[in-house]
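One letter stands for each residue in the lines below.
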Amino acid sequence: MSKPFQRFLLASVLAALAGCAAQPPTRHVFFAGGTYAGAPGKEVMHGAMYVEHLKPAKVTQRWPLVLISGTAQTAVNWMSTPDGREGWAQYFVDRGFEVYMVDQPLRGRSAWQPGIDAELGRPFPVSTVENLFTSSTGDWPQAKLHTQWPGTGRKGDPVFDQFYASQVGYVASNSVTQEANQVAGAALLDRIGPAVLITHSQAGPFGWLIANARPSLVKAIVAIEPQGPPIQSGARKTASWGVADIPLTYQPAASTSAELQVELQGAPDGPGLQACWVQKAPARQLVKLKGIPISVIGTEASYHAPFDHCTVRWLRDSGIGVDYIRLADIGIRGNGHMVMLEKNSDQVAAVIGDWVANAAARSPKSP
C-alpha cells in the first residue's frame, strides 16, 4: 500500500469519525395516552400528552430523561433559554442522554377540549411572573438574593418578554391536572420503558404519582422545587395527601386523606423557613416509592426556599430516601425558581446529570 494511499485512507477514516461526532440528534414527536369522549359520532380525543423525543447519535447514558414543566409552562422551558442559549434538552443530549420533553395533558400542544375537560384558565398575569420568577422583589426572606435571571426581570426587557410570551393557559384544578398527568405519564413509560423523571414545580407531584402507578419503570426522580409544602401553607390548603392532591399508596392503607394524622411543627427548623406539617408517629409509609433514588433540588432565592425542606421531610418520614441538594450549599448561588432558564443553567444541569449518572451506577443491572 503506497504512502499517499495510506494518507488518503487515514484522512477518510478521520473525516468519517468527525462526521459521526457532528451528527445531530434524531427528533420525532408522538402522543401518549388519551381517550375518546363525547356523543356517538362526535367523539374527540382528550387527555393525550404531547411528547418530543431527542436521541443522540450515540446514547451513552443508561436511562432516558423525561422532562416535565410546571404551571403555565410547556416544553419550551427545556428547548432554549429566553436570552437565546441552548436549553437543558440539548445539554443532556450532548452528554449522551436520550430525552423526552412533554406538554402536560390539557395544555399547549396537548389538546384541551372545551365542554369535556375542566375549565381552562388564563396565563399568569405579568405582575405574578415578575414577582415569583424573574425579579428580586418578592415578599419572602430569600428573594433579595436572586441574581441569576438574565435581564431586569421586568416587562419591556426583551428577555422577560420572550419568557412571558411562552406562558399559556392551564387547568387550575390540581386534582384534575395530577390525575391526567399520572395516566398519561404511565402510558408514556409503558411505551418507552424505564426512565428518569425530571419534574419542576407543579409537576413535582406527577413524579410521585407516576412512580406510584409504575414503580418498576421509574428509575429515579429529580424534583426541582416540587409543588408544596405538604398539607397546608399558612391558611392555604396545599396537598391533602401530603405530596399530592390525589391518592398515593400508603402503608398502613388510607382510604381518604383525612386518615393521615398530621400536626404542625412547634417551631420552624431555622430562620427564614416555614414550620412544616408532618405526620404523627408512626408515619404511614409510601411503599410504592421505596427504593427509587430521589433528589430534591432547591435554589437559594426562590419562593420555594422557605418550604421545600417540608416536602423533603414528609418524604423521609414516609420511608423514602431523599438527597436534598440545596444549590447554595454546593456554591451555586443566586438562583430563583426558573433555574433552567437562568444565567448559570448549565452549571445546575451538570449537578443533575452527575446525580442521575451516580443513581444509574448504584442501581441493579436489571431493567
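Higher on the page you've got the structure.
Residues numbered from 1 in each chain as written. Predicted model: local features only at pLDDT ≥ 70, side-chain atom pairs only at ≥ 80, totals over all residues. Heavy atoms only, no water.

Caption draft 1: Representation of the overall build of the protein. A count of helices and strands for the protein gives nine helices and 18 strands. Its C-alpha radius of gyration of 22 Å places the protein within 12% of the 21 Å reference for a compact globule of 367 residues. For the protein, the spread of C-alpha atoms along the principal axes amounts to about 85 × 55 × 45 Å. Evaluated residue by residue, the protein yields a buried proportion of 53% over its 367 residues. (Helix = DSSP H or I, 4+ residues; strand = E, 2+ residues; numbered from the N terminus. Rg over C-alpha atoms; globule rule 2.2 N^0.38 Å. Buried < 20%, exposed > 50% of the residue type's maximum accessible area, 1.4 Å probe, protein only.)

Caption draft 2: Here's a closer look at the packing of helix H6 (residues 174-192) against helix H7 (residues 204-213). Packing of H6 against H7 leaves a shortest axis separation of 9 Å and a crossing angle of 55°. When the axes of H6 and H7 are compared, the pair comes out oblique. In this structure, H6 meets H7 at a crossing whose hand is right-handed. Here Thr177, Gln178, Asn181, Gln182, Gly185, Ala186 and Leu189 of H6 lie close against H7, whose contacting residues are Pro205, Phe206, Leu209, Ile210 and Ala213. Looking at the contact of H6 with H7, its residues break down into seven nonpolar, five polar and no charged. (Axes fitted to C-alpha atoms, helices over the stretch in contact; angles between N-to-C directions. Parallel < 35°, antiparallel > 145°, perpendicular 65-115°, else oblique. Left-handed = near helix turned anticlockwise from the far one by under 90°. Contact = heavy atoms within 4.5 Å. Nonpolar A, V, L, I, M, F, W, Y, C, P; charged D, E, K, R; others polar.)

Caption draft 3: Structural view of the environment of Met338. One can find Met338 in the loop between strand E18 (322-326) and helix H9 (345-362). Since its relative accessible area comes to 1%, Met338 is described here as buried. Spatially, the C-alpha atom of Met338 lies 9.2 Å from that of Leu132, the residues being 206 residues apart in sequence. Excluding residues within four positions of it along the chain, Met338 makes contact with Gln73, Asn77, Phe133, Trp149, Phe163 and His200.

Caption draft 4: Summary view of the environment of Gly270. Here Gly270 is to be found in the loop between strand E14 (262-264) and strand E15 (277-279). Residue Gly270 is classed as partly exposed on the basis of its relative accessible area, which comes to 21%. Each C-alpha atom, one on Gly270 and one on Pro306, is 9.5 Å from the other, the two residues being 36 residues apart in sequence.

Caption draft 5: Quick look at the packing of aromatic side chains. Here the structure, examined in full by the defined rule, presents 14 aromatic pairs. Taken together, a centroid distance of 5.6 Å and an interplanar angle of 55° make the contact between Phe124 and Tyr170 tilted. Of the two residues, Phe124 sits in the loop between strand E7 (120-121) and helix H4 (126-134) while Tyr170 sits in strand E8 (residues 170-171), which places them 46 residues apart along the sequence. When sorted by exposure, Phe124 lands in the same class as Tyr170, which is buried. (Phe/Tyr/Trp six-rings, centres within 6.5 Å; stacked < 30°, edge-to-face > 60°.)

Caption draft 6: View of the pairing of strand E10 (residues 218-224). Counting buried positions along E10 gives seven out of seven residues, so the element sits mostly inside the fold. The pairing of strand E9 (residues 195-200) with E10 spans six bridges and is classified as parallel. Across the sheet, Val196 pairs through a bridge with Ala220, a residue of E10. Between E9 and its parallel partner E10, the chain crosses via H7, and the hand of that crossover is right-handed. Pairing analysis gives four bridges linking E10 to strand E17 (residues 294-298), with the strands arranged parallel. By the bridge assignment, Ile224 is partnered in E17 with Ile297. (Pairing = 2+ DSSP bridges. Right-handed = clockwise from strand over helix to strand, strands pointing away.)

Caption draft 7: Seen up close, helix H5 (residues 158-165). Those residues of H5 lying buried are Val159, Phe160 and Phe163. Taken around the axis of H5, the buried residues stretch over an arc of 95°, which confines them to a single face. Of the exposed residues in H5, those oriented more than 90 degrees away from the buried face are Pro158, Gln162 and Ala165. Residues of H5 that are buried sit in contact with helix H2 (76-79) and H4. Its side-chain oxygen placed 2.9 Å from the backbone nitrogen of Val159, Asp157 serves as the N-cap of H5. (Arc of directions from axis to C-beta. Polar contact = N/O pair within 3.5 Å; in protein donor to acceptor, adjacent residues only side chain to side chain.)

Caption draft 8: Region of the structure containing the state of the cysteines. Inspection of every chain in the model, using the stated rule, returns one disulfide. The disulfide partner of Cys276 is Cys310, and the gap between their sulfur atoms is 2.1 Å. Judged by the sign of its S-S torsion, about -80°, the bond between Cys276 and Cys310 is left-handed. Of this pair, Cys276 sits in the loop between E14 and E15 while Cys310 sits in helix H8 (residues 308-317), and the two are 34 residues apart along the sequence. (Disulfide = S-S within 2.5 Å.)

Caption draft 9: Structural view of the side chain of Gln113. Examined against the element boundaries, Gln113 turns out to sit in the loop between strand E6 (99-103) and E7. Overall, Gln113 belongs to the buried group, its relative accessible area being 17%. A distance of 3.0 Å separates a polar side-chain atom of Gln113 from the backbone oxygen of Met45. For Gln113, the residues in contact, after removing those within four places along its chain, are Val44, Met45 and His46.

Caption draft 10: Looking closely at the side chain of His200. If you trace the backbone, His200 turns up in strand E9. For His200, a relative accessible area of 1% gives the class buried. What His200 contacts, discounting residues up to four positions off in sequence, is Ile68, Ser69, Gly70, Trp78, Ile224, His337, Met338 and Met340.

Caption draft 11: A look at the packing of H4 against H5. Contact geometry for H4 and H5: axes closest at 11 Å, N-to-C directions at 110°. Judged by the angle between their axes, H4 and H5 are roughly perpendicular. Contact residues: H4 offers Val126, Val129, Glu130, Phe133 and Thr134, while H5 offers Phe160, Phe163 and Tyr164. When grouped by side-chain class, the residues that make up the contact of H4 with H5 number six nonpolar, one polar and one charged.

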